[in-house]
Amino acid sequence: EDKVVQSPLSLVVHEGDTVTLNCSYEVTNFRSLLWYKQEKKAPTFLFMLTSSGIEKKSGRLSSILDKKELFSILNITATQTGDSAIYLCAVEFPNQFYFGTGTSLTVIP
Amino acid sequence: DSGVTQTPKHLITATGQRVTLRCSPRSGDLSVYWYQQSLDQGLQFLIQYYNGEERAKGNILERFSAQQFPDLHSELNLSSLELGDSALYFCASSVTDLNSPLHFGNGTRLTVT
């Protein structure tokens, strides 16, 4: 049973494009939703979202959570080749984080 | 660099053997999590420790065990290894076990031949 579902599975875009990655979840009463970027090795932390409707931004990346509709999106504007990675979404419960299988993003020069 | 250190980076061993993976959390982090990542299954939660105590278990096989020591480093022991245990094993740490993001080590790639 998948608690966290990410879409699309894979995405190929050209440099400069804007992309939207989706994360939907089937559970309620979670503590937070997190986004990670995984290149060759360790996932690196991007955002932690705890409140619905409040956008978090870091440079060209932004994310928002909708607790009513049970989803989150990660936006990347003006994509660069360095954005190529797998983007993981996770939902935090007491003592556990459930991860989605990720969206693979490839940015072509 | 996340500050989480995992050793070894790579491990190749034969079926039936036993291995130990080691993790040093970031300075100040009390909570340690172990995850298994294989190509077809994504990140699967194995077990979590907080300040030396086991707090949660996920899909961890009985052949696997872990512990967190007083200095907060953790070890994951895998025994009677099977081909299907080949995967990337990540350790992650967080400050507390509430509303703290995980910070991952670079993982140990285990290959069972």
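Residues numbered from 1 in each chain as written. Chains lettered and ligands numbered in written order. Predicted model: local features only at pLDDT ≥ 70, side-chain atom pairs only at ≥ 80, totals over all residues. Heavy atoms only, no water.

## Details of the environment of Y25 of chain A
Residues and elements named next belong to chain A. Rule in force here: For helices the rule is a DSSP run of H or I covering at least 4 residues; for strands it is a run of E covering at least 2, with both sets numbered from the N terminus onward. By definition, residues are in contact when any of their heavy atoms lie within 4.5 Å.
Structurally, Y25 can be placed in strand β3 (residues 19–25). Spatially, the C-alpha atom of Y25 lies 9.8 Å from that of Y98, the residues being 73 residues apart in sequence. Those residues in contact with Y25, other than ones at most four positions away along the chain, are K3, V4, F30, L33, L65, D66, K67, L70, F71 and V91.

## A look at the interface of chain B and chain A
How we decide: Here's the idea: put two parts together, see how much 1.4 Å probe accessible area each one loses, and the total over both is what we call buried area. A side-chain nitrogen of Lys or Arg and a carboxyl oxygen of Asp or Glu constitute a salt bridge if their distance falls within 4 Å. Each polar contact in these results corresponds to two N or O atoms within 3.5 Å; when the atoms are within protein, one needs to be able to donate a hydrogen and the other to accept it, and residues that are neighboring in sequence are counted only if both atoms are side-chain atoms. Note on residue categories: nonpolar means Ala, Val, Leu, Ile, Met, Phe, Trp, Tyr, Cys or Pro, charged means Asp, Glu, Lys or Arg, and polar means any other residue, Gly included.
Opposite the 20 residues of chain B that make contact, chain A presents 17 residues. Of the roughly 1,700 Å² buried between chain B and chain A, counting both surfaces, carbon and sulfur atoms make up 58%. Three residues, L43, N99 and F104 of chain B, lead the burial of chain B against chain A; their summed loss comes to 28% of the area buried on that side. Linking chain B with chain A are 0 salt bridges, by the criterion used here. One can count 3 residue pairs in polar contact (both at pLDDT 80 or more) joining chain B with chain A. Contributing elements (two or more residues each) for the side of chain B that touches chain A: β4 (31–38), β5 (42–50) and β6 (53–57) of chain B. Among the residues making up the side of chain B that touches chain A, the classes are represented as 10 nonpolar, 7 polar and 3 charged.

## Details of the packing of aromatic side chains
How two aromatic rings sit relative to each other is set out by the distance from centre to centre and by the angle between their planes. Put simply, the rule is: The criterion for an aromatic pair is that two Phe, Tyr or Trp rings (for Trp, the six-membered ring) have centres within 6.5 Å, with stacked assigned to planes under 30 degrees apart, edge-to-face to planes over 60 apart and tilted to the rest. Three labels apply to residues, based on accessible area from a 1.4 Å probe with only protein chains included: buried if under 20% of the type maximum, exposed if over 50%, partly exposed otherwise in between. A positively charged side chain is recorded as over a ring if its NZ (Lys) or CZ (Arg) lies within 6 Å of the ring centre. The angle to the ring normal must also be within 35 degrees.
A complete count under the given rule lists 13 aromatic pairs over all chains for this structure. Ring centres 5.5 Å apart and planes at 80° place the aromatic pair F93 of chain A and Y98 of chain A in the edge-to-face group. In this structure Y98 of chain A comes out as partly exposed when scored by relative accessible area, which is 28%. Residues F90 of chain B and F104 of chain B carry aromatic rings whose centres are separated by 5.8 Å and whose planes lie at 90° to one another, so their mutual orientation is edge-to-face. Here F90 of chain B is found in strand β9 (residues 87–94), whereas its partner F104 of chain B is found in strand β10 (residues 103–104), with 14 residues between them in sequence. We classify F104 of chain B as buried; its relative accessible area is 2%. Aromatic rings pair up to connect Y36, F45, F97 and F99 of chain A together with Y33, Y35, F45, F90 and F104 of chain B into one cluster. In this arrangement the basic side chain of K3 of chain A is found over the ring face of Y98 of chain A, its NZ or CZ atom lying 4.7 Å from the centre.

All quantities given are derived from atomic positions and should not be read as evidence of function.
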